[in-house]
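Survey of secondary and tertiary structure
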Amino acid sequence: MSAACVLCDLLILQGLVDVRIPHNSFYQKLFLEIVSEKSRYSLHQNMDKIKVPTQIIWGKQDQDKDTFAHTQQEAISRM
């Protein structure tokens with residue numbers, strides 16, 4: 001990788017940090033909300049409200065794959 005590419009990458013990262021820092025408390029609050037117990041099954045509870053084609057990417061370490069696949073199949077069959 002050339003020095004110009006590295007410099008460009010650093011400038012992009014610095015720009016992202018500069019934009020994020022003033023709103024960091026919002027991002028922290030959002031993260032804590034996403035990982036909270038009350039949000040844990042939010043997707044499952046609201047899946048029937050999704051009315052547009054949606055791609056969901058499931059991670060290798062996610063543990064709810066079977067439950068999710070069953071719920072997704074139920075949602076598709078209701079369409």
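Before going further, it helps to spend a moment on the overall build of the protein. Looking only at helices and strands, one finds four helices and zero strands in the protein. Accessible surface for the protein amounts to roughly 7,400 Å². Of this, 61% is attributable to carbon and sulfur atoms.

Relative to the elements of secondary structure, Ser39 occurs in the loop between helix H2 (24-34) and helix H3 (42-46). In this structure the side chain of Ser39 is engaged in a polar contact, spanning 2.8 Å, whose partner is the backbone oxygen of Glu33. Contacts of Ser39, omitting those with residues within four sequence positions, involve Glu33 and Ile34.

A full pass over the atoms with the stated rule returns one aromatic pair. Between Phe26 and Tyr27 the ring centres are 5.5 Å apart and the planes differ by 65 degrees, which places this aromatic pair in the edge-to-face class.

Note that predicted coordinates carrying low pLDDT should not be read in detail. Averaged over every residue, the pLDDT of the protein is 79; residues scoring 70 or more account for 76%. Confidence, expressed as mean pLDDT per element, reaches its minimum in the protein at helix H4 (residues 65-77) with 62 and its maximum at H2 with 89.

Calculation notes
- Residues numbered from 1 in each chain as written.
- Predicted model: local features only at pLDDT ≥ 70, side-chain atom pairs only at ≥ 80, totals over all residues.
- Heavy atoms only, no water.
- Helix = DSSP H or I, 4+ residues; strand = E, 2+ residues; numbered from the N terminus.
- Areas by Shrake-Rupley, 256 points an atom, 1.4 Å probe, with all protein chains shown as cover.
- Polar contact = N/O pair within 3.5 Å; in protein donor to acceptor, adjacent residues only side chain to side chain.
- Contact = heavy atoms within 4.5 Å.
- Phe/Tyr/Trp six-rings, centres within 6.5 Å; stacked < 30°, edge-to-face > 60°.
- pLDDT = per-residue confidence, 0-100.

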